[in-house]
Amino acid sequence: MEQINQLRDKLRPYLGWHGARLSFVSLFLIALFRAKTVNLAELATVCGGEVAIESHYKRMQRFFRSFELDLSQIAQVLVQLADIPQPWVLSLDRTNWSFGQTQFNILMLGIVHQGIAFPLLWTMLDKRGNSNSDERMDLLERFEVLFPDAQIAYLTADREFLGKEWLSYLLIDKPIPFRIRIRQSDKICAGCGQRALASRQVFANLSVGETRILSGRHWVWGRPVYVIGTRLQPTRKGDDDFLILITNHCPQQAVSDYAQRWGIETLFGALKTRGFCLESTHFTDAHRLSKLLAVLAIAFVWAMKTGIWQHKLRPIRLKSHRRRAKSLFRLGFDYLRSILTNLDHKKPAFLDSLRFLSCT
(Lines give C-alpha, C1' and ligand atoms only; values in the text may rest on other atoms or scores of the structure.)
Protein backbone atom coordinates (compact mmCIF):
# COMPACT_ATOMS: atom_id res chain seq x y z
CA MET A 1 0.00 0.00 0.00
CA GLU A 2 1.43 3.34 -1.07
CA GLN A 3 0.27 5.10 2.10
CA ILE A 4 2.28 2.72 4.29
CA ASN A 5 5.46 3.77 2.48
CA GLN A 6 4.54 7.45 2.86
CA LEU A 7 3.92 7.07 6.58
CA ARG A 8 7.11 5.01 6.94
CA ASP A 9 9.16 7.76 5.28
CA LYS A 10 7.67 10.30 7.68
CA LEU A 11 8.66 8.26 10.72
CA ARG A 12 12.13 7.28 9.50
CA PRO A 13 13.97 10.50 10.56
CA TYR A 14 12.76 10.05 14.15
CA LEU A 15 13.00 6.31 14.70
CA GLY A 16 15.77 5.31 12.29
CA TRP A 17 14.67 1.69 12.33
CA HIS A 18 15.10 -0.93 9.64
CA GLY A 19 12.67 -0.43 6.76
CA ALA A 20 10.67 -3.57 7.54
CA ARG A 21 10.15 -2.47 11.15
CA LEU A 22 9.04 0.99 10.07
CA SER A 23 6.68 -0.52 7.52
CA PHE A 24 5.14 -2.70 10.20
CA VAL A 25 4.61 0.23 12.59
CA SER A 26 3.07 2.26 9.76
CA LEU A 27 0.70 -0.58 8.92
CA PHE A 28 -0.13 -1.00 12.61
CA LEU A 29 -0.92 2.71 13.07
CA ILE A 30 -3.27 2.73 10.10
CA ALA A 31 -5.00 -0.44 11.31
CA LEU A 32 -5.24 1.01 14.83
CA PHE A 33 -7.31 3.98 13.70
CA ARG A 34 -9.44 1.79 11.49
CA ALA A 35 -10.25 -0.82 14.12
CA LYS A 36 -10.41 1.45 17.22
CA THR A 37 -8.85 -1.31 19.30
CA VAL A 38 -5.47 -2.82 20.17
CA ASN A 39 -6.82 -6.36 19.97
CA LEU A 40 -4.47 -8.05 17.49
CA ALA A 41 -7.14 -10.35 16.07
CA GLU A 42 -9.31 -7.33 15.23
CA LEU A 43 -6.38 -5.34 13.86
CA ALA A 44 -5.39 -8.18 11.54
CA THR A 45 -8.77 -8.05 9.82
CA VAL A 46 -8.37 -4.40 8.74
CA CYS A 47 -4.75 -4.46 7.55
CA GLY A 48 -5.85 -5.04 3.96
CA GLY A 49 -3.70 -6.05 1.03
CA GLU A 50 -3.30 -9.51 -0.40
CA VAL A 51 -1.71 -10.93 2.74
CA ALA A 52 -3.87 -13.38 4.68
CA ILE A 53 -5.38 -12.23 7.99
CA GLU A 54 -3.51 -14.97 9.83
CA SER A 55 -0.21 -13.72 8.41
CA HIS A 56 -0.91 -10.19 9.62
CA TYR A 57 -1.76 -11.57 13.05
CA LYS A 58 1.47 -13.59 13.30
CA ARG A 59 3.52 -10.61 12.14
CA MET A 60 2.07 -8.49 14.94
CA GLN A 61 2.80 -11.20 17.47
CA ARG A 62 6.42 -11.46 16.28
CA PHE A 63 6.94 -7.70 16.56
CA PHE A 64 5.73 -7.41 20.15
CA ARG A 65 7.45 -10.64 21.16
CA SER A 66 10.86 -10.15 19.55
CA PHE A 67 11.58 -6.54 18.64
CA GLU A 68 13.53 -4.70 21.34
CA LEU A 69 12.15 -1.20 21.51
CA ASP A 70 14.10 1.62 23.20
CA LEU A 71 11.61 3.49 25.40
CA SER A 72 14.08 6.33 25.95
CA GLN A 73 14.19 6.89 22.21
CA ILE A 74 10.40 6.80 22.08
CA ALA A 75 10.17 9.45 24.82
CA GLN A 76 12.48 11.76 22.89
CA VAL A 77 10.53 11.17 19.68
CA LEU A 78 7.26 11.97 21.44
CA VAL A 79 8.66 15.26 22.72
CA GLN A 80 9.86 16.16 19.22
CA LEU A 81 6.51 15.33 17.65
CA ALA A 82 4.35 16.95 20.33
CA ASP A 83 6.45 20.14 20.32
CA ILE A 84 4.94 21.36 23.61
CA PRO A 85 6.28 24.76 24.70
CA GLN A 86 8.17 24.97 27.98
CA PRO A 87 7.92 25.25 30.91
CA TRP A 88 6.14 21.90 31.12
CA VAL A 89 3.39 20.93 33.52
CA LEU A 90 4.04 17.31 34.52
CA SER A 91 1.38 14.95 35.78
CA LEU A 92 2.06 11.66 37.54
CA ASP A 93 -0.59 9.00 37.93
CA ARG A 94 -1.35 5.31 37.71
CA THR A 95 -3.87 3.28 35.75
CA ASN A 96 -4.75 -0.36 36.29
CA TRP A 97 -7.10 -3.08 35.05
CA SER A 98 -7.25 -6.84 34.88
CA PHE A 99 -7.51 -9.48 32.16
CA GLY A 100 -8.47 -12.83 33.59
CA GLN A 101 -6.00 -13.49 36.37
CA THR A 102 -3.50 -10.93 35.04
CA GLN A 103 -3.32 -7.54 36.74
CA PHE A 104 -1.96 -4.57 34.80
CA ASN A 105 -0.64 -1.61 36.79
CA ILE A 106 1.05 1.26 34.97
CA LEU A 107 2.76 4.27 36.54
CA MET A 108 2.92 7.08 33.96
CA LEU A 109 4.44 10.53 33.65
CA GLY A 110 2.94 12.90 31.11
CA ILE A 111 3.21 16.52 29.95
CA VAL A 112 -0.11 18.37 30.20
CA HIS A 113 -0.99 20.48 27.17
CA GLN A 114 -4.34 21.62 25.80
CA GLY A 115 -6.16 19.98 28.70
CA ILE A 116 -4.70 16.51 28.27
CA ALA A 117 -1.43 14.80 29.23
CA PHE A 118 0.84 13.62 26.44
CA PRO A 119 2.38 10.26 27.47
CA LEU A 120 6.11 10.43 28.04
CA LEU A 121 7.51 7.75 30.38
CA TRP A 122 5.95 4.82 32.17
CA THR A 123 6.79 1.91 34.45
CA MET A 124 4.99 -1.43 34.44
CA LEU A 125 4.49 -2.19 38.12
CA ASP A 126 4.73 -5.89 38.96
CA LYS A 127 2.23 -5.66 41.81
CA ARG A 128 -1.21 -4.44 42.71
CA GLY A 129 -1.84 -1.13 44.42
CA ASN A 130 0.10 2.07 44.79
CA SER A 131 3.59 2.84 43.61
CA ASN A 132 6.33 3.41 46.18
CA SER A 133 8.80 6.28 46.47
CA ASP A 134 11.60 4.38 44.72
CA GLU A 135 9.42 3.71 41.66
CA ARG A 136 8.37 7.35 41.41
CA MET A 137 11.91 8.63 41.88
CA ASP A 138 13.18 6.22 39.25
CA LEU A 139 10.67 7.61 36.76
CA LEU A 140 11.72 11.21 37.43
CA GLU A 141 15.40 10.24 37.28
CA ARG A 142 14.78 8.80 33.82
CA PHE A 143 13.07 12.04 32.86
CA GLU A 144 16.00 14.14 34.07
CA VAL A 145 18.55 12.02 32.20
CA LEU A 146 16.59 12.31 28.94
CA PHE A 147 15.67 15.99 29.32
CA PRO A 148 18.33 17.60 31.54
CA ASP A 149 17.56 21.12 30.33
CA ALA A 150 13.78 20.90 30.54
CA GLN A 151 12.00 23.72 32.33
CA ILE A 152 9.32 22.41 34.69
CA ALA A 153 6.45 24.66 35.74
CA TYR A 154 5.31 22.15 38.35
CA LEU A 155 4.44 18.51 38.95
CA THR A 156 0.88 17.48 39.84
CA ALA A 157 -0.11 14.26 41.59
CA ASP A 158 -3.04 12.82 43.52
CA ARG A 159 -3.35 11.49 47.07
CA GLU A 160 -1.49 8.22 46.59
CA PHE A 161 1.75 10.05 45.80
CA LEU A 162 2.82 10.89 49.33
CA GLY A 163 5.45 9.89 51.87
CA LYS A 164 8.43 11.43 53.63
CA GLU A 165 11.04 9.98 51.27
CA TRP A 166 9.10 11.15 48.21
CA LEU A 167 8.65 14.69 49.55
CA SER A 168 12.31 14.80 50.55
CA TYR A 169 13.23 13.96 46.97
CA LEU A 170 11.04 16.72 45.53
CA LEU A 171 12.13 19.31 48.09
CA ILE A 172 15.82 18.53 48.54
CA ASP A 173 17.34 15.95 46.19
CA LYS A 174 15.84 17.20 42.92
CA PRO A 175 13.94 20.37 43.79
CA ILE A 176 10.81 20.33 41.64
CA PRO A 177 7.80 22.63 42.09
CA PHE A 178 4.80 20.46 42.92
CA ARG A 179 1.06 20.54 43.63
CA ILE A 180 0.07 17.33 45.41
CA ARG A 181 -3.25 16.49 47.01
CA ILE A 182 -3.15 14.96 50.48
CA ARG A 183 -5.72 12.80 52.25
CA GLN A 184 -8.18 14.20 54.78
CA SER A 185 -6.58 11.93 57.38
CA ASP A 186 -3.00 13.15 56.77
CA LYS A 187 -1.55 15.06 59.70
CA ILE A 188 -0.63 18.75 59.63
CA CYS A 189 1.59 20.34 62.28
CA ALA A 190 2.33 24.06 62.63
CA GLY A 191 5.79 23.48 64.12
CA CYS A 192 7.94 21.86 66.76
CA GLY A 193 5.97 21.09 69.90
CA GLN A 194 2.65 21.83 68.22
CA ARG A 195 -0.15 19.31 68.10
CA ALA A 196 -0.61 17.53 64.76
CA LEU A 197 -4.17 17.49 63.46
CA ALA A 198 -5.84 15.60 60.64
CA SER A 199 -6.15 17.91 57.65
CA ARG A 200 -9.95 17.75 57.70
CA GLN A 201 -9.84 19.12 61.27
CA VAL A 202 -7.60 22.01 60.23
CA PHE A 203 -10.07 23.12 57.56
CA ALA A 204 -13.28 22.00 59.30
CA ASN A 205 -14.73 25.52 59.57
CA LEU A 206 -14.56 26.29 55.83
CA SER A 207 -17.80 26.87 53.95
CA VAL A 208 -18.47 25.07 50.68
CA GLY A 209 -16.40 26.78 47.97
CA GLU A 210 -14.20 28.62 50.48
CA THR A 211 -10.39 28.33 50.23
CA ARG A 212 -7.78 29.02 52.88
CA ILE A 213 -3.99 29.10 52.69
CA LEU A 214 -2.33 28.35 56.01
CA SER A 215 0.11 31.03 57.09
CA GLY A 216 3.70 30.01 56.47
CA ARG A 217 4.95 26.48 56.03
CA HIS A 218 3.50 23.58 57.98
CA TRP A 219 4.83 20.08 58.52
CA VAL A 220 3.26 17.30 56.47
CA TRP A 221 4.87 13.87 56.24
CA GLY A 222 7.87 15.26 58.11
CA ARG A 223 8.57 18.06 55.63
CA PRO A 224 7.78 21.82 55.64
CA VAL A 225 5.30 22.77 52.89
CA TYR A 226 2.57 25.27 52.17
CA VAL A 227 -0.92 23.87 52.75
CA ILE A 228 -4.08 24.97 50.96
CA GLY A 229 -7.60 23.73 51.67
CA THR A 230 -10.91 24.09 49.85
CA ARG A 231 -14.25 22.74 51.00
CA LEU A 232 -16.05 20.83 48.23
CA GLN A 233 -19.67 20.11 47.55
CA PRO A 234 -19.84 16.30 47.71
CA THR A 235 -21.53 14.88 44.62
CA ARG A 236 -22.43 11.58 46.26
CA LYS A 237 -22.28 9.89 49.64
CA GLY A 238 -18.78 8.94 50.66
CA ASP A 239 -17.00 11.61 48.61
CA ASP A 240 -14.31 13.69 50.30
CA ASP A 241 -15.47 17.04 51.64
CA PHE A 242 -12.13 18.77 51.03
CA LEU A 243 -9.50 19.37 48.41
CA ILE A 244 -6.30 19.79 50.42
CA LEU A 245 -3.05 20.49 48.62
CA ILE A 246 0.60 20.85 49.54
CA THR A 247 3.14 22.78 47.52
CA ASN A 248 6.64 24.18 47.82
CA HIS A 249 5.99 27.51 46.08
CA CYS A 250 3.26 29.93 44.93
CA PRO A 251 0.47 28.60 47.17
CA GLN A 252 -1.93 31.22 45.79
CA GLN A 253 -1.91 29.40 42.45
CA ALA A 254 -1.99 25.86 43.79
CA VAL A 255 -5.71 25.15 43.41
CA SER A 256 -5.95 26.38 39.81
CA ASP A 257 -2.65 24.67 38.95
CA TYR A 258 -3.76 21.38 40.45
CA ALA A 259 -6.72 21.30 38.07
CA GLN A 260 -4.20 20.46 35.34
CA ARG A 261 -3.75 17.04 36.96
CA TRP A 262 -7.00 15.93 35.40
CA GLY A 263 -5.19 15.92 32.05
CA ILE A 264 -3.63 12.53 32.78
CA GLU A 265 -7.02 11.04 33.64
CA THR A 266 -8.21 12.31 30.25
CA LEU A 267 -5.20 10.64 28.65
CA PHE A 268 -6.07 7.30 30.24
CA GLY A 269 -9.57 7.66 28.84
CA ALA A 270 -8.16 8.31 25.36
CA LEU A 271 -5.91 5.26 25.57
CA LYS A 272 -8.74 3.11 26.87
CA THR A 273 -12.50 3.40 26.35
CA ARG A 274 -12.62 6.75 24.51
CA GLY A 275 -10.03 5.88 21.92
CA PHE A 276 -7.74 2.90 21.43
CA CYS A 277 -9.40 0.43 23.84
CA LEU A 278 -6.14 -0.53 25.54
CA GLU A 279 -7.99 -2.82 27.93
CA SER A 280 -9.00 -5.04 25.01
CA THR A 281 -5.43 -6.29 24.63
CA HIS A 282 -4.88 -9.95 25.39
CA PHE A 283 -1.24 -9.36 26.29
CA THR A 284 -0.31 -10.78 29.66
CA ASP A 285 3.39 -9.95 29.42
CA ALA A 286 4.31 -6.51 30.84
CA HIS A 287 7.22 -6.05 28.45
CA ARG A 288 5.01 -6.54 25.41
CA LEU A 289 2.35 -4.26 26.82
CA SER A 290 4.97 -1.56 27.33
CA LYS A 291 5.92 -1.81 23.64
CA LEU A 292 2.27 -1.54 22.70
CA LEU A 293 2.00 1.62 24.79
CA ALA A 294 4.91 3.12 22.86
CA VAL A 295 3.11 2.65 19.55
CA LEU A 296 -0.13 3.99 21.07
CA ALA A 297 1.75 7.06 22.27
CA ILE A 298 2.79 7.89 18.71
CA ALA A 299 -0.80 7.40 17.52
CA PHE A 300 -2.04 9.61 20.37
CA VAL A 301 0.29 12.48 19.44
CA TRP A 302 -0.78 12.19 15.79
CA ALA A 303 -4.44 12.40 16.79
CA MET A 304 -3.91 15.30 19.20
CA LYS A 305 -1.95 17.43 16.75
CA THR A 306 -4.56 16.74 14.10
CA GLY A 307 -7.33 17.72 16.53
CA ILE A 308 -5.60 20.97 17.47
CA TRP A 309 -5.31 21.83 13.76
CA GLN A 310 -8.95 20.95 13.07
CA HIS A 311 -10.07 23.07 16.04
CA LYS A 312 -8.21 26.07 14.64
CA LEU A 313 -9.97 25.63 11.29
CA ARG A 314 -13.44 24.99 12.74
CA PRO A 315 -13.64 25.63 16.48
CA ILE A 316 -15.51 23.00 18.47
CA ARG A 317 -18.85 24.33 19.68
CA LEU A 318 -19.35 24.85 23.38
CA LYS A 319 -22.21 23.25 25.29
CA SER A 320 -24.35 25.13 27.80
CA HIS A 321 -21.89 24.31 30.61
CA ARG A 322 -19.14 25.98 28.50
CA ARG A 323 -17.29 22.76 27.83
CA ARG A 324 -16.40 21.59 24.35
CA ALA A 325 -18.85 19.25 22.68
CA LYS A 326 -15.92 17.06 21.66
CA SER A 327 -12.36 16.80 22.97
CA LEU A 328 -9.38 17.79 20.82
CA PHE A 329 -8.21 14.19 20.93
CA ARG A 330 -11.55 12.86 19.76
CA LEU A 331 -11.73 15.47 17.01
CA GLY A 332 -8.35 14.40 15.65
CA PHE A 333 -9.03 10.71 16.25
CA ASP A 334 -12.32 10.79 14.31
CA TYR A 335 -10.80 12.87 11.51
CA LEU A 336 -7.92 10.43 11.03
CA ARG A 337 -10.33 7.49 11.11
CA SER A 338 -12.43 9.10 8.39
CA ILE A 339 -9.33 9.30 6.20
CA LEU A 340 -7.72 5.97 7.03
CA THR A 341 -10.92 3.99 6.50
CA ASN A 342 -11.31 5.50 3.04
CA LEU A 343 -7.78 5.93 1.73
CA ASP A 344 -8.65 5.31 -1.91
CA HIS A 345 -10.76 8.48 -1.97
CA LYS A 346 -8.87 10.62 0.52
CA LYS A 347 -5.25 10.44 -0.57
CA PRO A 348 -4.69 14.24 -0.51
CA ALA A 349 -6.15 14.47 3.00
CA PHE A 350 -3.90 11.60 4.13
CA LEU A 351 -0.79 13.34 2.80
CA ASP A 352 -1.89 16.52 4.55
CA SER A 353 -2.33 14.64 7.84
CA LEU A 354 1.25 13.35 7.71
CA ARG A 355 2.61 16.82 8.39
CA PHE A 356 1.46 16.43 12.00
CA LEU A 357 4.04 13.67 12.42
CA SER A 358 6.68 16.36 12.23
CA CYS A 359 7.91 19.11 14.54
CA THR A 360 8.41 21.49 11.60
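Look up: the structure comes first, before these words.
Residues numbered from 1 in each chain as written. Predicted model: local features only at pLDDT ≥ 70, side-chain atom pairs only at ≥ 80, totals over all residues. Heavy atoms only, no water.

Engineer: Would you mind showing me how to read helix α5 (residues 71-82) here?
Structural biologist: In an α-helix, one turn spans 3.6 residues, which is why side chains three or four residues apart end up on the same side. Taking 1.5 Å of rise per residue, 12 residues should cover 16 Å, and α5 covers 16 Å from first to last C-alpha, within 8% of that figure. Those residues of α5 lying buried are Q73, I74, A75, V77, L78, V79, L81 and A82. Buried positions along α5 lie against α1 (2-15), β1 (88-99), β2 (102-113), β3 (116-124), α6 (133-146) and α11 (286-313). The residue sitting at the N-terminus of α5 and contributing the capping side-chain oxygen is D70; that oxygen lies 3.0 Å from the backbone nitrogen of S72. A positive backbone phi angle near 50° is found at D83, which sits one or two residues after α5. (Helix = DSSP H or I, 4+ residues; strand = E, 2+ residues; numbered from the N terminus. Expected span 1.5 Å × (residues − 1). Buried < 20%, exposed > 50% of the residue type's maximum accessible area, 1.4 Å probe, protein only. Contact = heavy atoms within 4.5 Å. Polar contact = N/O pair within 3.5 Å; in protein donor to acceptor, adjacent residues only side chain to side chain.)

Engineer: Explanation requested: unusual backbone geometry in the structure shown.
Structural biologist: Excluding glycine, residues mostly have negative phi values, and the peptide bonds linking residues are mostly trans. Between Q86 and the following residue, P87, the backbone shows a cis peptide bond with an omega angle of 5°. Structurally, P87 is set in the loop between α5 and β1. Positive phi outside glycine occurs at D83, with the angle close to 50°. Within the element layout of this structure, D83 appears in the loop between α5 and β1. Although it is not a glycine, W221 sits at a positive phi angle of roughly 50°. Positionally, W221 belongs in the loop between β9 (218-220) and β10 (223-231). For W221, a relative accessible area of 35% translates into the label partly exposed.

Engineer: What's the story with the pairing of strand β5 (residues 178-182) in this structure? I'm lost.
Structural biologist: Two faces make up the sheet, and in a regular strand the side chains alternate between them. Extensive coverage of β5 is indicated by the burial of five of its five residues. The two faces of β5 match: F178, I180 and I182 on one face and R179 and R181 on the other face are all buried. Note that strand β4 (residues 152-157) and β5 share three bridges and pair parallel. In the strand pairing of β5, A157 is matched with I180. The parallel pair β4 and β5 is bridged by helix α7 (residues 164-173), and the resulting crossover is right-handed. Looking at chain direction, β5 and strand β11 (residues 242-247) are connected through four bridges and run antiparallel. Following the sheet pairing, R179 is matched in β11 by T247. (Pairing = 2+ DSSP bridges. Right-handed = clockwise from strand over helix to strand, strands pointing away.)

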